[in-house]
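Residue-level structural notes
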Amino acid sequence: MSDPADTPTPDGSAPAHPVTDLDDVVHQRVRLGILTIAHEARRVEFGFLRTQLELTAGNLSKHLSVLEAAGLIGVEKGYQGRRGRTWITLTPAGHTALAEEIARLKALIARVENTDTPQDR
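What this report covers is the structure whose coordinates are included nearby. Quantities reported herein were computed from a predicted structural model and do not represent experimental measurements. (Residues numbered from 1 in each chain as written. Predicted model: local features only at pLDDT ≥ 70, side-chain atom pairs only at ≥ 80, totals over all residues. Heavy atoms only, no water.)

**Thoughts on the environment of H39**
The test is simple: Counting from the N terminus, the helices are DSSP H or I runs at least four residues long and the strands are E runs at least two residues long. Using a 1.4 Å probe on the protein chains alone, a residue whose accessible area is under 20% of its type maximum counts as buried, one over 50% counts as exposed, and one in between counts as partly exposed.
Position of H39 among the secondary structure elements: in helix α2 (residues 29–41). A relative accessible area of 36% places H39 in the partly exposed class.

As C-alpha cells, this is what we get:
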C-alpha cells in the first residue's frame, strides 16, 4: 500500500517526515498544555495554570514569556479584590498555531496507525 507521505516532492526528493513540521514553540509539553487550557477556558488565571500543569510559578512564568514573545498569548495583569492576578488569553495567532499543531499531530498519528508492522501480521 502506498503512503502519500512517501510520494516524492516535485523536485524528486523524499518528503520530510511529519515530525519535522512540529512547531518547537508550541509542541513543548508545558506550552502545549498552556495553549490548550487557554483555548478551553478562553481566559485563564495564572494560579489555575500553575496548579493544573503542576509547575512552579517561576517555571510557568518562563513558558508564558516564550509564548507571549511569539505572539501566541496575551497577558493581562490586574486585581481581583485586593489580590494581584494575572490572566492569560490566546491571541488569534495562538488559536491558529494550536490548530495547526493539532493537525500536524493528527497527521503523525495517522501515519503511525497506517503503518503495517510485523506485530500486526
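**A short note on helix α3 (residues 46–53)**
Worth spelling out the cut-off: The directions considered for the arc run from the helix axis to the C-beta atoms. A contact between two residues is defined here by any heavy atoms of the two lying within 4.5 Å. Think of a polar contact as two N or O atoms within 3.5 Å of one another; within protein, one of them needs to be a possible hydrogen donor and the other a possible acceptor, and neighboring residues in sequence only count if both atoms come from side chains.
For α3, every residue scored as buried is listed here: F46, G47, L49 and L53. All buried residues of α3 fall inside an arc of 160° around its axis, so they share one side. Contacts from the buried residues of α3 go to α2, β1 (44–45), α4 (57–69) and β3 (83–90). If you check the start of α3, you find a side-chain oxygen 2.9 Å away from the backbone N of G47, and it comes from E45.

**Quick word on the environment of L35**
In this fold, L35 is placed in helix α2. Taking the C-alpha atoms as reference points, L35 and I88, separated by 53 residues in sequence, lie 9.4 Å from one another.

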